[in-house]
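Secondary and tertiary structure notes
Residue strings, one per chain:
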Amino acid sequence: MGSGNMVETTTTTTSSTFMSDFIGKCGGYVVIDGGFATELERHGADLNDPLWSAKCLVDSPHLVRRVHLDYLDAGANIILTASYQATIQGFEAKGFSKEEAEALLRKSVEIACEAREIYYDRCTKDSWDFMENGRTSRRPILVAASVGSYGAYLADGSEYSGNYGDAITLETLKDFNRRRVQILANSGADLIAFETIPNKLEAKAYAELLEEEGIEIPAWFSFNSKDGINVVSGDPISECVSIADSCKQVVAVGINCTPPRFIHGLITSIRKVTSKPVLIYPNSGETYDGQTKQWVKSSGNVDEDFVSYIVKWREAGASLFGGCCRTTPKTIRGIATALSDKN
Ligand code: MET
Ligand SMILES: [Zn+2]
């Protein structure tokens, strides 16, 4: 287990200052990692599978560790585990037993914690890299257990439509995630990252689940949008953020896997509803086609490399910055540099 969550596991409730304390320790802003599945593919992984990046937990854990290390080397303060599309139901559908499925979920966190230890060991060896005012200091690093939305499990692109159909209720979503969230909360991760939340119903399900299960590690809620005004389902961003704002376990709220051109306006909208720290990790601006399972260049409005917008997004009120699909360690290095130049 990594050292990062030692303090948190001894407390019974999540501290409301958990994230603001961490932002302070990092120097006023936090660098999140970049596209995880994207980087696995760049290393040669074939993710054309209902498990997507979680497939590598089964057949190439060394690649998972390698990608975590690439993002740590690029300057990340928070790394997200390879569990985005890892669900007990998804593993069972591939023939794994419930116990094996649960072990794979835990393994996603173990690999990330292991990468953090390897990174720290390396830094200690190259300690010239590490000296600050004559004293060695370690870059603060958290491991966030990723929970992709229900649409990610369906593997039909519906995390970009938020359209789950009438058969999916609040209770369905809670029950679907209950065991997965319990396991990840007790796996040694420092927090749970609920990612790419496409609608209000799912945000409500997560908030109630955290409460009902007495989850003792903090969480962040991250929504996605395709118009800069609403989340992808059409539910108003203000209503989604309000749900996160009322949930005491939620220590940050924001946006991921959304084109860069919408981010500035979304930060402004989010800040109107919450004073919790705001996180953003956009995608490259390309669009995912759930049918062909390909990322395609969007027509019209082209997003240039978004690193040049980072400082503006910080001025707009965001504090945690990273990248989502189709971004790479190069993006994250660019973000870290842009923010440190500004300081
Ligand atoms: C579809 S969004 C994917 C988020 C996940 N953390 C990844 O980068 O692979
Ligand atoms: Zn993404």
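What you see is a predicted model, and the numbers here were worked out from it, not measured in a lab. (Residues numbered from 1 in each chain as written. Chains lettered and ligands numbered in written order. Predicted model: local features only at pLDDT ≥ 70, side-chain atom pairs only at ≥ 80, totals over all residues. Heavy atoms only, no water.)

1. Focus: the site of ligand 1
Taken together, Gly35, Phe36, Ala37, Trp52, Tyr84, Glu159, Tyr160, Glu195, Thr196, Cys257, Cys324 and Cys325 are the residues near ligand 1. Glutamate 195 has a polar side-chain atom sitting 3.1 Å from a nitrogen atom of ligand 1. Relative to its free-state accessible area of 300 Å², ligand 1 is covered by the protein chains to the extent of 96%. Of the pockets mapped on this structure, ligand 1 occupies the largest pocket. Secondary-structure elements contributing two or more residues to the shell around ligand 1 are α3 (36-42) and β6 (191-197). In terms of residue class, the shell around ligand 1 is built from eight nonpolar, two polar and two charged. (Near = heavy atom within 4 Å. Polar contact = N/O pair within 3.5 Å; in protein donor to acceptor, adjacent residues only side chain to side chain. Areas by Shrake-Rupley, 256 points an atom, 1.4 Å probe, with all protein chains shown as cover. 1 Å grid on protein atoms, 1.4 Å probe; cavity = no way out; pocket = protein on both sides within 12 Å on 5 of 7 lines; lining within 4 Å. Sits in = over half its atoms within 2 Å of the grid points. Helix = DSSP H or I, 4+ residues; strand = E, 2+ residues; numbered from the N terminus. Nonpolar A, V, L, I, M, F, W, Y, C, P; charged D, E, K, R; others polar.)

2. Side note on the pattern of salt bridges
Using the criterion set out here, one finds 22 salt bridges in the structure. Between glutamate 208 and lysine 204 there is a salt bridge, with its nearest N and O atoms 3.5 Å apart. Separated by four residues within a single helix, glutamate 208 and lysine 204 lie in helix α10 (residues 200-212), roughly one turn from each other. Looking at lysine 204, the relative accessible area reads 39%, which means it is partly exposed. (Salt bridge = Lys/Arg side-chain N within 4 Å of Asp/Glu carboxyl O. Buried < 20%, exposed > 50% of the residue type's maximum accessible area, 1.4 Å probe, protein only.)

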